[in-house]
Amino acid sequence: YEYGFVQGVKSVYPECEVFVSYIGDFGDPEKGQKYAKNQYDNGAYIIFHCAGGSSAGIIKEAQQRSLHGGKYWVIGCDRDQYNEGLISSNSVILTSMVKNYDIVTEKMLYLIINDLIPGGSVNDFGLSEGGVGIPFINPNIENEILKEAYNYSELIKRKLITVTRYSDWGRRTTASTWQFLLAWK
């Protein structure tokens, strides 16, 4: 997710500074909050996490800061985390990157049943395959911006925009890169 996120941010806001932090733990909300605090203290105003259970601390930090004034955002991961970010009737969750397990499961079962998976193959289920997306309802995003996001999604699906899987230095994305926070200011 890291490289696609950075590529997306830079495509619409080239001068944006993106911070990357690796938590190294999917189950430590206190550590997640510490990392989020550091990024917000350094000027970030949106954090996209891929931190599993550590995300509870990231969301908590945004909620605490928002209660004391200012607007601090989190982009959720894996599922729609809007309700987890609620403070009264408002949420610190800007949107979420949702994994569409139902679509992936159906496609994989079809491939398995029809013996269409060669041994040792890797199957990617990204945006083009329907494996990921954003929630159907995004109360914190203006309709104009949502339309633009959907337009970019279509360009990616039609392969008019290529989302890289490599950083500028050529490192391949691996499971270990999922334990990170991305933020921009």
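Residues numbered from 1 in each chain as written. Predicted model: local features only at pLDDT ≥ 70, side-chain atom pairs only at ≥ 80, totals over all residues. Heavy atoms only, no water.

S.K.: Can you lay out the nonpolar core for me, pointing to particular residues and giving the numbers?
M.R.: Counting residues in hydrophobic clusters, the biggest one holds 15 residues, and the most contacted among them are Phe48, Ile75 and Leu94. The set of elements that each furnish at least two residues to this core consists of helix 1 (2–12), strand 2 (46–50), strand 3 (73–78) and strand 6 (93–99). (Core = buried A, V, L, I, M, F, W, Y, C linked by side-chain atoms within 4.5 Å. Buried < 20%, exposed > 50% of the residue type's maximum accessible area, 1.4 Å probe, protein only. Helix = DSSP H or I, 4+ residues; strand = E, 2+ residues; numbered from the N terminus.)

S.K.: Tell me about the packing of aromatic side chains, and please be specific about residues and values.
M.R.: For the structure on display, the rule yields 2 aromatic pairs. With 5.0 Å between their ring centres and 35 degrees between their planes, Phe5 and Phe48 make a pair best called tilted. You can see Phe5 sitting in helix 1 and its partner Phe48 sitting in strand 2, a full 43 residues away along the chain. On the numbers, 5.0 Å between centres and 75 degrees between planes, the contact of Tyr40 with Tyr72 is edge-to-face. Pair noted here: Tyr40 is in helix 2 (residues 29–41) and Tyr72 is in the loop between helix 3 (55–67) and strand 3, with a separation of 32 residues, a long-range link. Above the plane of the ring of Tyr72 lies Arg65, whose end atom (NZ or CZ) is 5.5 Å from the centre. (Phe/Tyr/Trp six-rings, centres within 6.5 Å; stacked < 30°, edge-to-face > 60°. Lys NZ or Arg CZ within 6 Å of the ring centre and 35° of its normal.)

S.K.: Please provide a residue-by-residue account of helix 3, values included.
M.R.: The α-helix winds at 3.6 residues per turn, so residues separated by three or four positions along the chain end up facing the same way. Between its terminal C-alpha atoms helix 3 stretches 18 Å, which fits the 18 Å expected from 13 residues at 1.5 Å a residue. Those residues of helix 3 that sit buried are Ser55, Gly57, Ile58, Ile59, Glu61, Ala62, Gln63, Arg65 and Ser66. At the C-terminal side of helix 3, Gly69 shows a positive phi close to 100 degrees. (Expected span 1.5 Å × (residues − 1).)

S.K.: Could you give an account of the pattern of salt bridges, with specific residues and numbers?
M.R.: Tallying each qualifying case throughout the model produces 6 salt bridges. Note that Asp41 is salt-bridged to Arg65, the shortest N-O span being 2.5 Å. Of the two residues, Asp41 is situated in helix 2 and Arg65 in helix 3; the sequence distance between them amounts to 24 residues. One network of salt bridges, with partners in common, ties together Lys37, Asp41, Glu61 and Arg65. (Salt bridge = Lys/Arg side-chain N within 4 Å of Asp/Glu carboxyl O.)

S.K.: Outline the environment of Asn38, listing residues and values.
M.R.: Here Asn38 is to be found in helix 2. Given a relative accessible area of 44%, Asn38 falls into the partly exposed group.

S.K.: Outline the packing of helix 2 against helix 3, listing residues and values.
M.R.: At a closest axis distance of 6 Å, the pairing of helix 2 and helix 3 adopts a crossing angle of 45 degrees. Between helix 2 and helix 3, the angle falls in the class oblique. Helix 2 and helix 3 meet at a crossing whose hand is right-handed. Residue-level inspection shows Pro29, Gly32, Gln33, Ala36, Lys37, Tyr40 and Asp41 of helix 2 in contact with helix 3, the latter providing Ala56, Gly57, Ile58, Lys60, Glu61, Ala62, Gln64 and Arg65. Of the residues that constitute the contact of helix 2 with helix 3, the class distribution is 6 nonpolar, 4 polar and 5 charged. (Axes fitted to C-alpha atoms, helices over the stretch in contact; angles between N-to-C directions. Parallel < 35°, antiparallel > 145°, perpendicular 65-115°, else oblique. Left-handed = near helix turned anticlockwise from the far one by under 90°. Contact = heavy atoms within 4.5 Å. Nonpolar A, V, L, I, M, F, W, Y, C, P; charged D, E, K, R; others polar.)

S.K.: Can you lay out the side chain of Ser21 for me, pointing to particular residues and giving the numbers?
M.R.: Relative to the elements of secondary structure, Ser21 occurs in strand 1 (residues 18–22). Side-chain polar atoms of Ser21 contact the side chain of Gln39, separated by 2.9 Å. (Polar contact = N/O pair within 3.5 Å; in protein donor to acceptor, adjacent residues only side chain to side chain.)

S.K.: Can you lay out the environment of Thr95 for me, pointing to particular residues and giving the numbers?
M.R.: Mapped onto the elements of the fold, Thr95 is located in strand 6. Given a relative accessible area of 12%, Thr95 falls into the buried group. Measuring from C-alpha to C-alpha, the distance between Thr95 and Phe136 comes to 9.8 Å, with 41 residues separating the pair along the chain. Sequence-distant contacts of Thr95, defined by excluding residues within four places in its chain, comprise Val74, Ile75, Gly76, Ile134, Pro135, Asn138 and Ile141.

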